[in-house]
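So the chains spell out like this:
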Amino acid sequence: MRSLDDLDRVMKEYGLYLRLERGLSDNTREGYMRDVSRLLAWLTGEVRQLRDVTIDTLRLYLGDLHDVGIAVRSQARIVASLRSFFGYLSMEGYLPGNPAELLETPRLGLHLPEVLTVGEIDSMIAAIDCSKEECRRDRAMMEVLYGCGLRVSEMTGLEISRTYLDDGFLVVLGKGDKERMVPMSETSVEEVREWLKDRSRMKVKPGDENILFLNRRGGRLTRQRAFQIVKGLAEAAGIRKSISPHTLRHSFATHLLEGGANLRAIQQMLGHESIATTQIYIHLDASTLRSDILAYHPRNLR
C-alpha cells in the first residue's frame, strides 16, 4: 500500500487527476480541493492517520457541517467531493477501500432530523453495559447530551471547574467561543456525580486534568468516540433510526417544545443566535400543531 505521509504531494497528484483525467473545470476542481482541505483540517485530533477514516468519521464531519448551518445543497457537493477524493486514494492504492462510497447525499428541501422518544432514550441508557469500567461515564455522557441539549463538541470540551453540580448548571463554551449557562436535570447531576467518583481514581493525561469526560487512557473523549458510543447504544437498544449525538440534542429541543417550553428559552438553551434557527431546528408533528392551535385559538373558545 502506498504511503500517505506526504499529503502535500498526494493533494497535488489529486489536483492533476481532476484536471487531466476527470476534465473538471477550474471552478469545480478548486471547489473539490477546498472541500478536501477543510476535511483534512477537521480530521486533526480526530484520527491518527488518513487511513483510519471510516464512514462514521465522515458522517460525524457532515453532522458538524449541519450544526454550523452549511446549506444542504453545499453539503451535497461536499459529499461528492469526498467520494471523489477517497475513490482516488483507493484507486491509486493509498487506501484498501473508499470509506465515502456509501455516504448518503443530503436530500434537497426541508430536512428534519430523526427524533427519539423518551422511551427510546431510556432504552439506550439501559443498554449500557455496567460490567465495563466506562459504565458511569457513558451514563453521565448520555444524560448530559440529552438532558442539557449539548453539541457533541461542547460535551467533550466540558470542564470540571465549570460544572456547578450543587447549583445544577453547566457553563458551556459554544460556537464562536461564546459561553452560556445551561441548567441540568436532577438525573444529569446525579450521573455526573457518580462518574466523578470513578474519574477521581484515574490517571489523567497532562493537560486534561480539568476535562470532565475522559477515555479509558485518561485523555479527553473525542467526538468520534462519542459518536461510536451513541450509535452502539442505539443498535444495542434495537433502534433502527439514523442516530448520532446530534439526535439527542434535537430530541431534547423537540421534547421541550412539545412539553410547553417557551421558544426563546429553548433558543438560549441551545445557544442559537437567531430564533429562526431554533424554529427550523425543532420539529413538531403537523397534526399535533394543528390540534393545539385549534384548541387554544380564541375563535374556538366558545
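The structure displayed is predicted, hence computed values, not measured ones.

*Asks:* Could you give an account of the overall build of the protein, with specific residues and numbers?
*Replies:* Each helix and strand in the protein was counted, giving 13 helices and three strands. Counting only residues that meet the buried cut, the protein has 44% of its 302 residues in that class. For the protein, long-range pairs separated by at least 24 residues make up 58% of all intrachain contacts whose partners lie at least 6 apart in sequence. For the protein, the exposed surface amounts to about 16400 Å²; the carbon and sulfur share of it is 50%.

*Asks:* Tell me what's going on with the pattern of salt bridges, and back it up with residues and numbers.
*Replies:* Tallying each qualifying case throughout the model produces 21 salt bridges. For Lys 231, the salt bridge goes to Asp 56, with nearest N and O atoms at 2.8 Å. A residue pair is termed long-range when its members are at least 10 positions apart, and Lys 231 in helix α9 (residues 223–236) and Asp 56 in helix α3 (residues 55–67) qualify at 175 residues. Overlapping salt bridges bring together Arg 136, Glu 194, Lys 197, Asp 198 and Arg 201 as one network.

*Asks:* Residues and numbers for the sheet that holds strand β3 (residues 179–183), please.
*Replies:* In sheet architecture, strand pairing relies on hydrogen bonds along the backbone and comes in two forms, parallel and antiparallel. The three strands lie next to each other as β1-β2-β3, forming an open sheet whose pairing is antiparallel. A single partner strand is all that each edge strand has here, and the edge strands are β1 (163–164) and β3. In this structure, β1 lies alongside strand β2 (residues 169–173), joined through two bridges in antiparallel fashion. Within the sheet, the bridge partner assigned to Tyr 164 lies in β2 and is Phe 169.

*Asks:* With reference to specific residues and values, describe helix α6 (residues 135–148).
*Replies:* For α6, spanning 14 residues, the distance from its first C-alpha to its last is 19 Å, which sits close to the expected 20 Å at 1.5 Å a residue. α6 sits mainly inside the fold: twelve of its 14 residues count as buried. For α6, the full list of buried residues reads Cys 135, Arg 137, Asp 138, Ala 140, Met 141, Met 142, Glu 143, Val 144, Leu 145, Tyr 146, Gly 147 and Cys 148. Gly 149 sits one or two residues past α6 and shows a positive phi near 65 degrees.

*Asks:* Go over the environment of Asn 210, please, and point to the residues and values.
*Replies:* Of note, Asn 210 is situated in the loop between α8 (186–199) and α9. Judged by its relative accessible area of 28%, Asn 210 falls in the partly exposed class. Each C-alpha atom of the pair Asn 210 and Glu 159 lies 5.3 Å from the other, and the pair is 51 residues apart in sequence. What Asn 210 contacts, discounting residues up to four positions off in sequence, is Leu 158, Glu 159, Ile 160, Ser 161 and Arg 199.

*Asks:* Go over helix α1 (residues 7–21), please, and point to the residues and values.
*Replies:* The terminal C-alpha atoms of α1, which comprises 15 residues, lie 20 Å apart, in line with the 21 Å expected from a rise of 1.5 Å per residue. For α1, every residue scored as buried is listed here: Val 10, Met 11, Tyr 14, Gly 15, Tyr 17 and Leu 18. Along the axis of α1, the buried residues cluster in a sector spanning 155 degrees; they form a single face. Away from its buried face by more than 90 degrees, α1 exposes Asp 8, Lys 12 and Leu 20. The inward-facing, buried residues of α1 abut α2 (26–43) and α4 (72–91).

*Asks:* Could you give me a rundown of the confidence of the model for the protein, with the residues and numbers involved?
*Replies:* Confidence in the prediction of the protein, expressed as mean pLDDT, is 82, and 83% of residues score 70 or more. Across residues 281–290 the pLDDT falls below 50, and counting only partners more than four positions away or on other chains, this stretch makes 19 contacts in the model.

*Asks:* With reference to specific residues and values, describe the nonpolar core.
*Replies:* Formed by 43 residues in total, the largest nonpolar core has its most connected members in Met 124, Met 141, Leu 150, Met 155 and Phe 213. At the level of secondary structure, the elements contributing two or more residues to this core comprise α5 (118–126), α6, α7 (152–156), β2, α8, α9, α10 (245–258) and α11 (263–270). Beyond its immediate sequence surroundings of up to four residues, Met 124 is in contact with Leu 116, Met 142, Val 230, Leu 233, Ala 234, Ala 237, Ile 239 and Ile 243. Listed in part, the 32 residues of the second largest apolar core include Val 10, Leu 58, Leu 65 and Tyr 88.

*Asks:* Describe in detail the state of the cysteines, supporting the description with residues and values.
*Replies:* For the structure on display, the rule yields one disulfide. One disulfide in the model links Cys 130 with Cys 135; its S-S distance is 2.1 Å.

*Asks:* Account for the side chain of Arg 180, naming residues and giving values.
*Replies:* Residue placement: Arg 180 occurs in strand β3. Looking at Arg 180, its side chain comes within polar contact range of the side chain of Glu 154, at 2.9 Å.

*Asks:* Give a description of the packing of α6 against α10 that names residues and reports values.
*Replies:* At their nearest, the axes of α6 and α10 sit 7 Å apart, and the two run at 45 degrees to each other. Regarding the angle of α6 to α10, the classification is oblique. Mapping the contact onto sequence places Met 142, Leu 145, Tyr 146, Gly 147 and Cys 148 in α6 and Pro 245, Leu 248, Arg 249, Ser 251, Phe 252 and His 255 in α10. By residue class, the composition of the contact of α6 with α10 is seven nonpolar, three polar and one charged.

Cut-offs applied
- Residues numbered from 1 in each chain as written.
- Predicted model: local features only at pLDDT ≥ 70, side-chain atom pairs only at ≥ 80, totals over all residues.
- Heavy atoms only, no water.
- Helix = DSSP H or I, 4+ residues; strand = E, 2+ residues; numbered from the N terminus.
- Buried < 20%, exposed > 50% of the residue type's maximum accessible area, 1.4 Å probe, protein only.
- Contact = heavy atoms within 4.5 Å.
- Areas by Shrake-Rupley, 256 points an atom, 1.4 Å probe, with all protein chains shown as cover.
- Salt bridge = Lys/Arg side-chain N within 4 Å of Asp/Glu carboxyl O.
- Pairing = 2+ DSSP bridges.
- Expected span 1.5 Å × (residues − 1).
- Arc of directions from axis to C-beta.
- pLDDT = per-residue confidence, 0-100.
- Core = buried A, V, L, I, M, F, W, Y, C linked by side-chain atoms within 4.5 Å.
- Disulfide = S-S within 2.5 Å.
- Polar contact = N/O pair within 3.5 Å; in protein donor to acceptor, adjacent residues only side chain to side chain.
- Axes fitted to C-alpha atoms, helices over the stretch in contact; angles between N-to-C directions.
- Parallel < 35°, antiparallel > 145°, perpendicular 65-115°, else oblique.
- Nonpolar A, V, L, I, M, F, W, Y, C, P; charged D, E, K, R; others polar.

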